[in-house]
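# Notes for the structure review
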Amino acid sequence: LRDSFPLVGLGDDWASLRGPAIAVTFDDGYADNCREALTILEETGVPATFFVGSGSLNSREEFWWDELDRLLLEPGCYPEHFTLEDDVGGGAWPTASHCQRMALYDDLHRLMKTVDTPCRESWIRRLRDWSGKGDAGRESHLPMTVRELARLAESPLVTIGAHTVTHPCLSALTEERQREEITASKMRLEEVLGTSVTLFSYPFGGPRDYDRTSEAICREA
């Protein structure tokens, strides 16, 4: 990319650009952003923006979509059925084969995008009990620590942006909950870094994952 295009940061002034340019970004706040990606960026001189979910900092649990993968799709022995008793997303699924568990993964991923955090966490706990795999996250999939975030932010090539607290689908939330997710994420990152955070990335990033309310709150913040 560096050899073929101008490389810019998302916070840069693009007024002088003529033709295509590239901005490199990382979402969510995985620990490997600091442990692996930063070294490569510094060796190659490539600027990047990291959008970090503030609620995951220092967690020893995986992001929920990764935990779904760990609990349903990793090799191992599984029960033949999974039953979820819940008014929102309850149901029963066959789970003997990988294809059947992939179908369950797709259904739960779709549902978990739109439910609140306590509901999603209760479903994850049910899956942990069902699979017998516990709550210990894979080291390769863990979020970064506060110390790793600070190390990342020390690089002159790095800009830190906000990415909500719990990584919800913003358009599924009330205005009050959207404001909490957006502003609390910004404030927590500023508290850790001691500097202003002015960039934001919508979780999931699709056109249906945020709305005009999300945009307005981001502009306010």
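A brief structural summary. Worth saying up front: this structure is predicted, and the values here are computed from it rather than measured.

### Some points on the packing of helix α1 (residues 32-44) against helix α5 (residues 146-153)
As a packed pair, α1 and α5 sit with axes 10 Å apart at the nearest point and diverge in direction by 10°. It follows that α1 is roughly parallel to α5 by the angle criterion. Here N33, C34, R35, L38 and E42 of α1 come into contact with α5, specifically with E148, R151 and L152. The residue makeup of the contact of α1 with α5, split by class, is three nonpolar, one polar and four charged.

### A look at the environment of S201
Position of S201 among the secondary structure elements: in the loop between α6 (175-193) and α7 (212-220). Spatially, the C-alpha atom of S201 lies 9.8 Å from that of I182, the residues being 19 residues apart in sequence. Here S201 is in contact with D27, F51, A162 and H163, once residues within four sequence places are set aside. For S201, the side chain forms a polar contact with the side chain of D27, separated by 3.4 Å.

### Section: the pattern of salt bridges
Counted according to the given criterion, the structure contains 20 salt bridges. The salt bridge involving R138 is made with E62; its shortest N-O contact spans 2.9 Å. You can see R138 sitting in the loop between α4 (117-131) and α5 and its partner E62 sitting in the loop between β2 (48-52) and α2 (64-72), a full 76 residues away along the chain. By the burial criterion, R138 is buried, and E62 matches it. Where R138 meets D69, a salt bridge forms, and the shortest distance between an N and an O atom there is 3.0 Å. Here D69 lies in helix α2 and R138 lies in the loop between α4 and α5, a separation of 69 residues in the sequence. What you see here is one network of salt bridges that share partners, running through E61, E62, E67, D69, R70, E74, R128 and R138.

### Examining α6
With 19 residues, α6 extends 27 Å from end C-alpha to end C-alpha; this agrees with the ideal 27 Å at 1.5 Å per step. For α6, every residue scored as buried is listed here: Q178, E181, I182, S185, K186, L189 and L193. All buried residues of α6 lie within an arc of 110° about the axis, which places them on one face of the element. When the buried face of α6 is taken as reference, the exposed residues oriented beyond 90 degrees from it are E176, M187 and E191. Contacts made by the buried residues of α6 are with β2, α5, β5 (158-162) and α7. Backbone geometry just after α6 places G194 at a positive phi near 70°.

### Side note on the packing of aromatic side chains
Applying the stated criterion across every chain yields a total of 11 aromatic pairs. Ring plane angle 70° and centroid distance 5.7 Å describe the contact between F200 and Y202, whose orientation is recorded as edge-to-face. When the centroid spacing of 3.9 Å and the interplanar angle of 5° are considered together, the rings of Y202 and Y210 count as stacked. On the accessibility criterion, Y210 (24% relative accessible area) is partly exposed. The structure contains a cluster of three or more aromatic residues connected by ring pairs, namely Y30, F63, W64, W65 and F204. The ring of Y78 carries R101 above its face, with NZ or CZ at 3.9 Å from the centroid.

About the criteria used
Residues numbered from 1 in each chain as written. Predicted model: local features only at pLDDT ≥ 70, side-chain atom pairs only at ≥ 80, totals over all residues. Heavy atoms only, no water. Axes fitted to C-alpha atoms, helices over the stretch in contact; angles between N-to-C directions. Helix = DSSP H or I, 4+ residues; strand = E, 2+ residues; numbered from the N terminus. Parallel < 35°, antiparallel > 145°, perpendicular 65-115°, else oblique. Contact = heavy atoms within 4.5 Å. Nonpolar A, V, L, I, M, F, W, Y, C, P; charged D, E, K, R; others polar. Polar contact = N/O pair within 3.5 Å; in protein donor to acceptor, adjacent residues only side chain to side chain. Salt bridge = Lys/Arg side-chain N within 4 Å of Asp/Glu carboxyl O. Buried < 20%, exposed > 50% of the residue type's maximum accessible area, 1.4 Å probe, protein only. Expected span 1.5 Å × (residues − 1). Arc of directions from axis to C-beta. Phe/Tyr/Trp six-rings, centres within 6.5 Å; stacked < 30°, edge-to-face > 60°. Lys NZ or Arg CZ within 6 Å of the ring centre and 35° of its normal.

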